[in-house]
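Structural overview for review
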Amino acid sequence: MSDAEQFILTLDGVGKEYGRGRHRVTAVQPLDLRVDADVELGVIGESGSGKSTLARMMVGLETPSSGTIACNGRPLREWLSTRASRLEYRRRVQYVAQDTTSFDPRQTFYDAVSVPLRLLRGVRSEREIRSRLDAIADELSLDPALYSRQPHQVSGGQRQRFALARSLVVEPQLLICDEVVSALDVSVQGAVLNLIKRHVAEHHMGLIFVAHGLPAVTFISSNLMVMRQGEVVERGTVADVVTRPRHPYTQELLAAYASSSQKEGGRQ
Amino acid sequence: MSAQFPDQTAALAVAPRRTGGTIRAVFAFVPLALVVAIAVLAPVIAPYDPVTSVAASRLPPSPEHWFGTDAVGMDILSRTIYGARIAVQFGVIVAVLSTIGGVLIGTFIGLSESSSGVLGLLGRGLNQISSYLLAIPDVILGIVVVGIMGSSDFALTVAITLCLVQAPVKLTRVEVLRVRRESYLESAKLAGESSFRAALVHVMPNSIGPAMRNMPLIFGNCVIILASLGFIGIGVKAPTPEWGYMISSGLSSLVLGRWWPAVFPAAAVLLSVLAIAYSSRAIPRMWPLLAVRVKRWNPIGRKARA
Amino acid sequence: MRTTIRDRYRANRWWILRLVRLPVDIFVFATIAFFLIRLLPGDPVAVAVASRNEAVTPETVAAVRAQMGLDGSIWEQLLHFWGGLFRGNLGDSLQTSIPVVTEVFSRLPSTLELILLGLLGAFVACLVLGFVYVRFANPLLRRAVRFYSSFATTVPVFVVAIFLIVLFYVVLAWLPAPLGRAAGTLPVVTGFPILDEIITGSWSMLGETLVAYIMPVAAMVITYTPNLLTQLIGGLDRELEQTTTRFQVAAGAPRRWIFVSLFRRSLPSVIVVFGLFFGSLIGGAVTIESLFGFGGIGQLGVRSVQTVDFPALQGFLIIVVTVCLIAMLVVDLINMALDPRRRPGIEEASR
Ligand SMILES: Nc1ncnc2c1ncn2[C@@H]1O[C@H](COP(=O)(O)OP(=O)(O)O)[C@@H](O)[C@H]1O
Ligand SMILES: [Mg+2]
């Protein structure tokens, strides 16, 4: 196996610009990245720093304006060119979107979550679908009574967990989560983080976890990447970055967290 | 038109006002239903055959002939009742045809117009053509189409459908443009759905609302155009009891002071278009309410599967 | 120097571009119409031949086809059609052998006159009712105005006219029978009957024409006022809520002044409707002309249908839509002049 092939995702000089002329915005400056299975990568940065754009490029929802993305050594463009390989790519890499409007308002959650099972995993029998769904729902502490609901009939947190369920049933090799806990109550956040962490560990999945805050990322991932205005300003293991931040922005960020946690400690 | 999704939340807000709501919802349908009922029951209600002379000509209204008789002795009441049948026949066919056609064309335009290549070109072209056709006055288009195809029911249907299909095309296109930006389409893509499947399963069902609610309006407009074409003398063939044609053939009597051959069909047109207009405004308002009701009737179906 | 010219162009681009678009629109529409009427199911040649009760031989069919300009391939026809279009020639009527353009334009003015009178009347009625709506706080009155405005686009104008005829001619006998404009032949100078009667000083004829116009114009006003009124009322309701109005009231501005300002801000939405429903006015005018015995474009259209006059139908369609396109142009220009936000360049800059 060659070097490139062992990585699930390989990004070479991948960057993205929106608009042209005066309206040109550089969302992501060209960057290199290797993502291996079994590796958890946290990506943080303030909003507008290009995290979502980066994540969306990895699943083909945006086309990079420069550089190439490859999956197991094969360019993403090729993966997405034919129906069969496109499905195979979807089996390997799944993405949970940032916003919670990612469900068809007319579909029940049951129908929505069973789609990837049918189309990507080829599960035909209703009973099998039901049992796989139950297993995931149990992990996510989702009540089966919610299956027959439509998106507008549940809370944002429940919708977000169904979105996770829709990706997790596929059992991908790499899961990309875009701010999946930002919309949740603090009380639910912990539970969902725990769940993602456990699930990823049990199934030996790779994980790219995008968040705008530090705590969730340090809890869930071992590696950290800090983005600012489309640029990667810092990367390394969580321990390294937290103890020895090199970029002033990261230092600032850490200082802010330190002071806020002190305040909280003081209050308790 | 942009407030599609909130419909459902509105439905939840209306739901508690149960009985009053149901009665109002039913009343929204009554005028339209009445027109349709007269059309369907015409053979039962009408006292005489509508296309044979049954009495002396030009009799004024009397107990035997409530609406009098026309220039060839046909019973105007029977003809007016059968007129509803003609109007409803055309109305239903045209409404269904143009809604189905409009939704299909509108969806195609909405999905293809921003893509590059032949499909995008075709989509943009169709959209332009639709805009230009929208600029043709209904009656004028009717005259030209009937003139070229020769006068027949088929030609009339084509003519009126061509006039009225543009509204559902535009309504659906705007909806599709909105729906395409929805992130659930991206999720569907990631779940392995092809764009064709997504168009059928997600885009169309979420975009047909305005076109469906526009259907009664098409129905009403069809009645108006049909009567107008009949009135200027290029509608359905001669003895057929069509209101517009009846009015125009009653004109010569009207000038001589015999008002009944023209006035009764005119009143029928007036009442029916008002009834249809009332329903076509009230039904969309009742739509969310009805949607909730239907859901309540059939809540188990889905659960059983889940 | 060059920059000033360019700046001047920039400032005026909105109407220049809109004007340039008109011929393009007409050309594109005419081409669409060309294909539309050839793609319709049914063969006008067959219809025409069948309607003549002559022996059908291949020669007669070929002759009719050539007369209609339907011989040769569709591309040859298109080239021929475009050539005619640029020279303002849309073929000759089969019935009268007169150029179609001449025929339509000889009838168009009288139809336009009717439409403009109806439109003017509806506009005045709409302003009066709008004034009533804001001036008197009487809720019953306001509901009545609202109710009337809800009749927009529901009732065909000729039905309203029938009831007017019954009331004012049959029952009350106040107005003459609906049998044309005036006895005798109208003088033709511009083609607009009233204008021509004034120019030639045919005063008695003018009087007759005006009397004959009462019912049709009244029917149009009654039918079309709600279309304008809904827009005006919507605009007024919106503007009444605006802080500008509240400020004016609070600042004690004179009442008349507030009304003028209120109407000025509500009118653009009414004018937009003019453009949109000009087409339905033409359709309505066709039925009205047929009802009152006025010769106009409607009469020409119906005659062309009866005689399967293909060139006349084609030219009729194109010219009528051209008139609609011009009406939309005028409405657009007025609107852009009144409200700079509607100018295309502005929209781009703010985006
Ligand atoms: N579709 C788009 N068109 C134009 N600009 C965009 C688009 N999507 C994102 N951007 C811009 O790209 C930058 C990065 O956005 P995003 O990746 O969503 O940031 P984050 O997820 O970190 O908040 C922002 O400045 C945003 O305005
Ligand atoms: Mg984001």
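Below, the discussion takes up the state of the cysteines. Using the criterion set out here, one finds zero disulfides over all chains in the structure. Among the cysteines around Cys163 of chain B, which has no disulfide bond, Cys222 of chain B carries the closest sulfur, lying 9.5 Å off. Look at Cys163 of chain B and you get buried, because its relative accessible area is 10%. Cysteine Cys324 of chain C remains unbridged, with the sulfur of Cys163 of chain B as its closest cysteine sulfur at 12 Å. A relative accessible area of 2% places Cys324 of chain C in the buried class.

All names here are of chain C. Assigned domains of chain C: these are domain 1 (18–87) and domain 2 (104–350). Distance from the C-alpha centre of domain 1 to the C-alpha centre of domain 2: 33 Å. Contact residues are listed per partner, giving 19 residues for domain 1 and 15 residues for domain 2. Across the interface of domain 1 and domain 2, roughly 1500 Å² is buried in total on both sides, 82% from carbon and sulfur atoms.

Right, let's get into the site of ligand 1. Residues and elements named next belong to chain A. Looking at ligand 1, the residues that line it are Tyr18, Ala27, Glu46, Ser47, Gly48, Ser49, Gly50, Lys51, Ser52 and Thr53. At 3.1 Å, a backbone N or O of Gly50 approaches an oxygen atom of ligand 1. Lys51 places a side-chain nitrogen or oxygen 2.9 Å from an oxygen atom of ligand 1. The protein chains hide 60% of the 560 Å² of surface that ligand 1 would expose on its own. The leading source of residues in the shell around ligand 1 is helix α2 (residues 51–58), at three residues.

Residue and element names in this part refer to chain A. The element strand β3 (residues 40–44) is extensively covered by neighbouring structure, given that four of its five residues are classed as buried. Of the pairings in the sheet, the one linking β3 to strand β8 (residues 206–211) comprises five bridges and is parallel in character. Paired with Glu40 across the strands is Leu207, a residue of β8. Here four bridges tie β3 to strand β9 (residues 223–228), and the two strands are oriented parallel to one another. Residue Leu41 lies in a different strand from β9, and its bridge partner there is Asn223.

Time to look at the interface of chain B and chain C. With 43 residues of chain B in contact, the opposing surface of chain C contributes 48 residues. Both sides together, the interface formed by chain B and chain C hides about 3900 Å², and carbon and sulfur atoms give 85% of it. Between chain B and chain C we count zero salt bridges in total. Viewed at the interface, chain C and chain B are joined by three residue pairs in polar contact (both at pLDDT 80 or more). Among the elements of the structure, α5 (117–134), α6 (138–149), α7 (153–164), α12 (215–232), α14 (251–255) and α15 (260–297) of chain B are those that each provide at least two residues to the side of chain B that touches chain C. Here the side of chain B that touches chain C is built from residues that sort into 37 nonpolar, five polar and one charged.

Thresholds applied
Per-chain numbering applies: the sequence of each chain, read as written, is numbered from 1 onward. Lettering of chains starts at A and numbering of ligands starts at 1, both following the order in which they are written. The predicted origin of the model limits local features to residues at a pLDDT of at least 70 and limits the giving and counting of side-chain atom pairs to 80 or more, whereas totals for whole chains, interfaces and linings rest on all residues. Hydrogens and waters are ignored; side-chain quantities use all the structure's heavy atoms. Cysteine sulfur pairs qualify as disulfides if the two atoms are within 2.5 Å. Three exposure classes are used, based on accessible area relative to the maximum for each residue type with a 1.4 Å probe and protein chains only: buried under 20%, partly exposed in between, and exposed over 50%. Segment limits for the domains were obtained from an automatic or database-derived domain assignment. Contacts are residue-level and defined by heavy atoms, with any inter-residue pair within 4.5 Å sufficient. Buried area: the sum, over both parts, of the accessible surface (1.4 Å probe) that disappears when the two are put together. Nearness is judged by heavy atoms alone; a residue qualifies as near a molecule or strand once a single heavy atom is within 4 Å of it. Side-chain atoms alone can form a polar contact between residues adjacent in sequence; in general such a contact is a pair of N or O atoms within 3.5 Å, and within protein one must be able to donate a hydrogen while the other accepts it. Exposure was quantified through the Shrake-Rupley algorithm and a 1.4 Å probe, taking into account, for residues, occlusion by the shown protein chains and nothing else. Under the DSSP-based scheme used, a helix requires at least four consecutive residues in state H or I and a strand at least two consecutive residues in state E, with every element numbered from the N terminus. If DSSP finds at least two bridges between two strands, the strands pair. Here, a salt bridge means any Lys or Arg side-chain nitrogen found within 4 Å of an Asp or Glu carboxyl oxygen. Side-chain classes are defined by residue name, with Ala, Val, Leu, Ile, Met, Phe, Trp, Tyr, Cys and Pro counting as nonpolar, Asp, Glu, Lys and Arg as charged, and the others, Gly among them, as polar.

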